[in-house]
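Analysis of the macromolecular model
Listed below, chain by chain, are the residues.
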Amino acid sequence: YITMGAISNFVSWVQGLFRSDISPQKKLRDLENEYKDTLNEVRQGITEVTTEKKRLEIQRTELQNQITKKQKQARKYVGKDERRAKKILKRKKRDEKRLEDLSKQIEELENIQDSLASKKNRISRKINDIRTKRSQIEAKKKAARARAEVSEVLSDVGGEDIENLVSEMQDEVERLEARAEVY
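Source: prediction; values computed, not measured. (Residues numbered from 1 in each chain as written. Predicted model: local features only at pLDDT ≥ 70, side-chain atom pairs only at ≥ 80, totals over all residues. Heavy atoms only, no water.)

1. Brief notes about the overall build of the chain
As a reminder of what qualifies: In this text, helices come from DSSP runs of H or I with a minimum length of four residues, and strands from runs of E with a minimum of two, each type numbered from the N-terminal end. For each residue, the accessible area found with a 1.4 Å probe, counting protein chains only, is set against the maximum for its type, and the residue is called buried under 20%, exposed over 50%, and partly exposed in between. Only heavy atoms matter for contacts: two residues are in contact if any of them lie within 4.5 Å across the pair. Calculation of accessible area relied on Shrake-Rupley with a 1.4 Å probe; when residues are assessed, cover is drawn exclusively from the protein chains displayed.
A count of helical and extended segments in the chain gives four helices and zero strands. Going from the N terminus to the C terminus, the chain shows its helices and strands as α-α-α-α. Split into buried and exposed, the 183 residues of the chain put 19% on the buried side. At a minimum sequence separation of 6, the contacts of the chain that also span at least 24 residues come to 76%. For the chain, the computed accessible surface area is about 14,200 Å², with 51% contributed by carbon and sulfur atoms.

Right under this line is the structure:
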């Protein structure tokens, strides 16, 4: 089960995420890791609840068998030994009360199990959302860097610079041609 201390630690951790000295990428990684830890705790809780539920179901089945056996015994003694039949029926009644209590406990565990399964699904979705968003952000970041680099290259070699370079190349070619004609 998730304790109040774990919830308090989680809240403190989330508040720490809003500190400005931590990079957003690290915050997302930390958040994903925290959700993974919580998911593991929830899975452990599901395992524990399922184990306990199975144990109680086994007890319930054994108790149902005992009740059936006592019912048969009581029928056997009805009309022959009324005192013994009443004793058996009294024990059967006590077992039926225990059976009712076990059934309630099992139902409570089923509710807890359903709640934990729902939490597990929500946390899994959040982890997937974080992964998807982090991947999208990383892709956008890489694309933005590439665009910035292209813009820098294009701004370094502006339209006038290209014309000047072409003009210089043409002048150089003309000088070389003139020199070649002299010889």
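Anyway, onward from the coordinates.
2. Some points on the side chain of Lys 70
Here Lys 70 lies in helix α2 (residues 24-77). If we skip the residues at most four places from it in the chain, Lys 70 touches Ile 88, Arg 91, Lys 92 and Asp 95.

3. Focus: the environment of Arg 43
Looking at the secondary structure, you find Arg 43 in helix α2. A residue is classified by how much of its surface remains accessible, and Arg 43, at 41% relative accessible area, is partly exposed. Sequence-wise, Arg 43 and Lys 120 are 77 residues apart; in three dimensions their C-alpha atoms are separated by 7.1 Å.

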